[in-house]
Amino acid sequence: MTEKELMTEALALAKLSFCEGEVPVGAVVALDGEIVGTGRNRRETQKNALCHAEIEAIDSACKRLSGWRLWQCEMFVTLEPCPMCAGAIINSRIKKVTFGAYDKKNGACGSVTDLTVMDFNHKPQKTGGFMEDECKTLLSDFFKELRTKKSAEKAERRKISMEKIESFKIDHTKLLKGMYVSRIDGDVVTYDIRMRRPNIEPVMETGAMHTIEHLFATFARNSEYSKNIIYFGPMGCRTGFYFLTTGITDGEALELTKRALKFISEYEGEIPGVSPEECGNYRDHNLCLAKKEAAAQYNVLKDLAACDMHY
C-alpha cells in the first residue's frame, strides 16, 4: 500500500471513533506497505486514559509480529502524537511516524515539544502535515458537532430551571393565616393550611408539626371522608400543612379541617403511630405544643367560609 492509502486507512479508523462520540484519531502500523496493526481513540468508551489510537496500533502490531521491537515498521496517524504516544513509538523502536494534523496543545513531535529529537536510545524519523486538510477537517467537524450538542443541552437545562411552579408565583409576603385552595388537578384539590405568616412570624417547632401530622391524618382517615383523603403533610418551610382531597367540596374539606384541629386541641393520650417500627423519627413529637398550635389555627378558621378559601 502507498503512504496515501495507509493514511486513508487511518482516517477510516478515525471516522469510527467519530461515530462513537470519541475525538476522531486513527492509526495504523505498516511493515513493507502492509498493515500489521490498527488502533483508534477509545478513551471515553473504554474509560481508560491509555486507549489512544497509537497505543492500540502498537499493541496490535506487537501481537501480530510476536515481538515488541517494531524497528522495521512505520506508523501513520491522523493527529500528532501526545507525549505518552511519542514515548511508546520510541520504546517500540518504530522506524518512522507520519502524522496528519498538528496538535498545538499536546503534540510531542514538534508542536509543544519534540521527543523524537531528544537523546533517547532511539530516534524515529517523522513527517508532519501529511494529508493535513483531511485530518483537520474531520477533527473540526467533530468539535463543531460537540459544541452544538452541548449548547442544545445547556439551553434545555436552562429552560427547565426557569419554569417556576405555581406556588412560587404567589407573593408570600402578603399571605395571611388561613386555609386556601392552592391548586386543582382534575378531581384532586390541594389546600394550603397556613398557620404562620411566611417570612414574618417564627416557623413552627418540628415536634409540634410532627404530632399534628400524625393526629390530623389519623382523624381524617377515620372520618366519613376516609376514602376522599389523599395526603396530609407539613410544608417544608414549616409555616403550615398541605391537605389533598378528592370528591368533596371546599366546604366539606374546611369543616373536616376545623373538626380535626378541634380534636387535636383537646387530645389526651398516646400519639398514634409513635414507635420505631411505625415512624421515621418517633422521638421528635410534642403533644403540648401541637395542642396549642391546633387551638390557635382553629380560632383562625372557625368563622371562615368556603368562598374565602382563595388566594
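This structure is a prediction, so every number in the text was calculated from the model and none was measured. (Residues numbered from 1 in each chain as written. Predicted model: local features only at pLDDT ≥ 70, side-chain atom pairs only at ≥ 80, totals over all residues. Heavy atoms only, no water.)

**Remarks on the environment of Leu301**
Step number 1: Examined against the element boundaries, Leu301 turns out to sit in helix H8 (residues 287-301).
Step number 2: Owing to a relative accessible area of 0%, Leu301 belongs among the buried residues under this scheme.
Step number 3: With 33 residues separating them in the primary sequence, Leu301 and Glu268 have C-alpha atoms 22 Å apart.
Step number 4: With residues up to four places along the chain from it excluded, the contact list for Leu301 reads Gly178, Met179, Thr257, Lys258 and Leu261. (Helix = DSSP H or I, 4+ residues; strand = E, 2+ residues; numbered from the N terminus. Buried < 20%, exposed > 50% of the residue type's maximum accessible area, 1.4 Å probe, protein only. Contact = heavy atoms within 4.5 Å.)

**Points about the packing of helix H3 (residues 53-65) against helix H4 (residues 83-91)**
Step number 1: Across the interface, H3 lies against H4 with an axial gap of 9 Å and an inter-helix angle of 25°. Considered as vectors, H3 and H4 are oriented roughly parallel to each other. Along this stretch, H3 crosses H4, giving a crossing that reads as left-handed. On H4, the residues touching Glu54, Ile55 and Ile58 of H3 are Met84, Cys85, Ala88 and Ile89.
Step number 2: Residues belonging to the contact of H3 with H4 are distributed by class as follows: six nonpolar, no polar and one charged. (Axes fitted to C-alpha atoms, helices over the stretch in contact; angles between N-to-C directions. Parallel < 35°, antiparallel > 145°, perpendicular 65-115°, else oblique. Left-handed = near helix turned anticlockwise from the far one by under 90°. Nonpolar A, V, L, I, M, F, W, Y, C, P; charged D, E, K, R; others polar.)

**A look at the pairing of strand E7 (residues 188-194)**
Step number 1: Among the seven residues in E7, six count as buried, and that is most of the element.
Step number 2: In the sheet, strand E6 (residues 178-185) pairs with E7 via seven bridges, with the strands oriented antiparallel. Within E7, the residue paired with Gly178 across the bridge is Arg194.
Step number 3: Hairpin connection, E6 to E7: the antiparallel pair is bridged by two residues, and Gly186 has positive phi, about 65°.
Step number 4: Direction of pairing for E7 relative to strand E9 (residues 240-246): antiparallel, over a ladder of seven bridges. Residue Tyr191 lies in a different strand from E9, and its bridge partner there is Phe243. (Pairing = 2+ DSSP bridges.)

**Examining the pattern of salt bridges**
Step number 1: According to the stated counting rule, one finds 15 salt bridges in the structure shown.
Step number 2: Linking Glu56 and Arg42 is a salt bridge whose minimum nitrogen-to-oxygen distance equals 3.0 Å. Taken as a pair, Glu56 in helix H3 and Arg42 in the loop between strand E2 (34-40) and helix H2 (43-46) lie far apart in primary sequence, 14 residues in all.
Step number 3: With relative accessibility at 25%, the residue Arg42 sits in the partly exposed group.
Step number 4: Ionic pairing is found between Lys123 and Asp119, a salt bridge with its closest N-O pair at 3.6 Å. (Salt bridge = Lys/Arg side-chain N within 4 Å of Asp/Glu carboxyl O.)

**Thoughts on a nonpolar patch on the surface**
Step number 1: Taken together, the side chains of Val117, Met118 and Phe120 make up a nonpolar region of the molecular surface, amounting to roughly 260 Å² of accessible area.
Step number 2: Within the secondary structure layout, Phe120 lies in the loop between strand E4 (96-101) and strand E5 (125-127).
Step number 3: The exposure class assigned to Phe120 is partly exposed, which follows from its relative accessible area of 41%. (Patch = residues over 30% accessible without salt bridge, like charges linked within 9 Å, V, L, I, M, F, W, Y side chains within 5 Å. Areas by Shrake-Rupley, 256 points an atom, 1.4 Å probe, with all protein chains shown as cover.)

**Structural notes on the packing of helix H7 (residues 250-265) against H8**
Step number 1: In the contact formed by H7 and H8, the axes pass within 8 Å of each other and the chain directions differ by 145°. Here H7 and H8 pass one another in a crossing that is left-handed. Note on element contacts: H8 touches H7 through Ala290, Lys291, Ala294, Ala295, Gln297, Tyr298 and Leu301, opposite Thr257, Lys258, Leu261, Lys262, Ile264 and Ser265.
Step number 2: Its residues assigned to classes, the contact of H7 with H8 comprises seven nonpolar, three polar and three charged.

By themselves, these are just geometric observations and shouldn't be taken as functional.
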